[in-house]
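If you want the building blocks of each chain, they are given just below.
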Amino acid sequence: MSDHDLAAKMLNTFQHYLEEKANQQGGLKTVQELLGIITAAPRPGVIWRRLLRAGAQRPETIGFVLRSLAWDHTILTASDTTRLTGAFLRVVYPTLCPADRERIERVIIAIPSTVAPPDIAHHHRDRLLGCLAPALFTTVEARLAFENLTQAGGPPRNAEEDDEAHWGTLHAATTPEQQALLTLLRPITEFATKHLNTPPTTQEIDEILPAMERLQGSLVSQSPTGALQNQVLSDISQAVAAIGLNDELPWTAETSALLRAMALHAARHPSPEPDRAEDKHRFITGWGAAPRIVGAEAVMSLARHQACLDDEIRTAIINLSTDLAATVRLQIAARLGYLFQTAPALLWGMLDYYARREENPGVVHACLGALHRIGQSDAAKSAILVEAIFDRFTDGAGSREIRDACISIFGGLALWHQDSHSRGVLARLLAAPLTYSRDLPHLASDLGGCITNDEIRDASFELLERTLSAAMLAARSLEQTHGSTTVWPETAQELSVAAKKGTSLAVEREPGVGLRSGLRWAQKEGRS
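Source: prediction; values computed, not measured.

This paragraph deals with the overall build of the chain. Secondary structure assignment for the chain yields 25 helices and zero strands. When each of the 528 residues of the chain is scored for burial, the buried share is 50%. A total accessible area of about 24,200 Å² is found for the chain, and carbon and sulfur atoms account for 52% of it.

As structure tokens, this is what we get:
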């Protein structure tokens, strides 16, 4: 079996699992959790294609969970996903509420203002509009545009094999200069694709650098525009990002200057245009092939190396970290750990900014990933920043994922590094279990995993016992006050989940023992 066949088999199995799980009783929660992990970070286009297919097969379950893809500008217009998005829209759009349908219509209508050249942009808009049910239109703009399409003979086909006016094909270069540029780009695109998930070797880098130099010279002399420029800059930046992950390359002044110029060119590109109407509190998917998105990834990859981290790169990182497009900011937040060795002061300054001022939950969640990885280097400072995030995101999109990540960091810092600030935050939660009833199940679950480690077993058991005692006492208080926990069913259920997650570890083999004796018995027996 070839590598391609194996990859296809894995993707088929993944899609089948999602579809089957969505049909099972109680399976949707698992699907939601899995999709939340997948869509929280940049992924190759092939993954988004499979998600769109799965959503089209199960529009009322998987499709509903993935509905935000239907108003994601990049997903709607990227060559890898635009046709499958049309098929996704056909079956998901009719199931959505008016507010979601309006968001989809407005993003589609606005495509000509964000995609070049104009004929490609209008083709995207018209084709995707034709995938919607006109009887369900919520906006006047969509109705008028569809009426005009109908009078002109109807919207374009959305068939996957229909390549007419498909910007991903770059219009099959119309001039010898464009064709020459694409020829130079081809090996670089293949290099970038090969190394999406694994860093290239030094030998592979040495072999591709001459091709990158030739392409850079052609870019300077030809100055391509529109879709051709977008693809060239994106593919070059993807190659630069891959090279930056190699830790053995001997950086020469010429190599660092070449790669910096390429990354900065893309990082200063106007695409993607920020969607000012976009909900800034939406948990963004983070994927995209627009030049500035991939340029941001490349800039951060180069920043791992002191030889590349000059004033221009530093300035670019700062500017991109506050970019008006949340997807661009996400590329910086997700890679803040790259600055740990080369620019620690810049790293902590940006962590402070994201913790206290960033509003998009997807970007903040990515920032927490960096804090989780490097927090032990300064536990006290990390705990203060994590607490600032925890207190800001109390509800709304992405708040559950953010708060769970915060609790995991607090627990790790408290147990492994005896951080007093983290211990204080956890004490605050345990002192008010009704207030933090939604947070206790994750804390109990985390601690249940920690008791398997000999180094922190005792401390984990002590904190787990306190967590479960607080949950059970709060549940009893509810019952005594109201006569039944059905008065606050959600809170009671959350407290019950917290208790069950921990006690099942301690009293599974002794169901008759009490909480305290059960925990002590489990500790004595060395259960894991």
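Time to look at helix α14 (residues 291-302). Its 12 residues give α14 an end-to-end C-alpha distance of 16 Å, which sits within 8% of 16 Å, the value for a rise of 1.5 Å per residue. With 12 of 12 residues buried, α14 lies mostly within the body of the structure. All of the buried residues in α14 are P291, R292, I293, V294, G295, A296, E297, A298, V299, M300, S301 and L302. As for α14, its buried residues are in contact with α12 (226-244), α13 (253-267), α15 (311-321) and α16 (326-333).

The interhelical angle for the contact between helix α6 (residues 82-92) and helix α8 (residues 118-129), taken along N-to-C directions, is 25 degrees, at an axis separation of 9 Å. Between α6 and α8, the angle is such that the two are roughly parallel. Within the contact between the two elements, α6 uses T82, R83, G86 and L89 and α8 uses H123, H124, R127 and L128. Within the contact of α6 with α8, the residues separate by chemical class into two nonpolar, four polar and two charged.

A few words now on helix α19 (residues 379-392). Between the first and last C-alpha of α19 there are 20 Å, a value that for 14 residues agrees with the 20 Å anticipated at 1.5 Å per step. Within α19, the full set of buried residues consists of A379, S382, A383, L385, V386, E387, A388, I389 and F390. Considering only its buried residues, α19 is in contact with α17 (344-356), α18 (361-374), α20 (399-417) and α21 (420-431).

We now examine the confidence of the model for the chain. Here the chain averages 80 in pLDDT, while 77% of its residues score no lower than 70. Contacts for the low-pLDDT stretch residues 1-7, under 50 throughout, to residues beyond four places or in other chains number two contacts. Confidence drops under pLDDT 50 across residues 505-528; counting only partners more than four residues distant or on other chains, this segment forms 36 contacts.

About the thresholds
Along every chain, residues carry numbers that run from 1 in the direction the sequence is written. Reporting of local features is limited, given that this is a predicted model, to residues whose pLDDT is at least 70; pairs of side-chain atoms are given and counted only at 80 or more, and all residues count toward the totals for whole chains, interfaces and linings. Only hydrogens and water are set aside; all other atoms, that is, all heavy atoms of the structure, feed into the side-chain values. We count a stretch as a helix when DSSP gives it H or I for four or more residues in a row; a strand needs E for two or more, and each element gets its number in order from the N terminus. Working definition: with a 1.4 Å probe on protein chains only, accessible area under 20% of the residue-type maximum means buried, over 50% means exposed, and in between means partly exposed. We get accessible surface area from the Shrake-Rupley algorithm with a probe of 1.4 Å; when it comes to residues, only the shown protein chains can shield them. How far a helix is expected to stretch is found by multiplying one less than its residue total by 1.5 Å. The contact definition used throughout considers only heavy atoms, calling two residues in contact when any of these lie within 4.5 Å. Working convention: axes come from line fits to C-alpha atoms, limited for helices to the stretch in contact. Angles between N-to-C directions cover 0 to 180 degrees. An angle below 35 degrees is read as roughly parallel, one above 145 as roughly antiparallel, one from 65 to 115 as roughly perpendicular, and any other as oblique. Gly is put with the polar residues, along with every residue not named as nonpolar or charged; the nonpolar set is Ala, Val, Leu, Ile, Met, Phe, Trp, Tyr, Cys and Pro, and the charged set is Asp, Glu, Lys and Arg. The pLDDT score gives, residue by residue, the confidence of the prediction method on a 0 to 100 scale.

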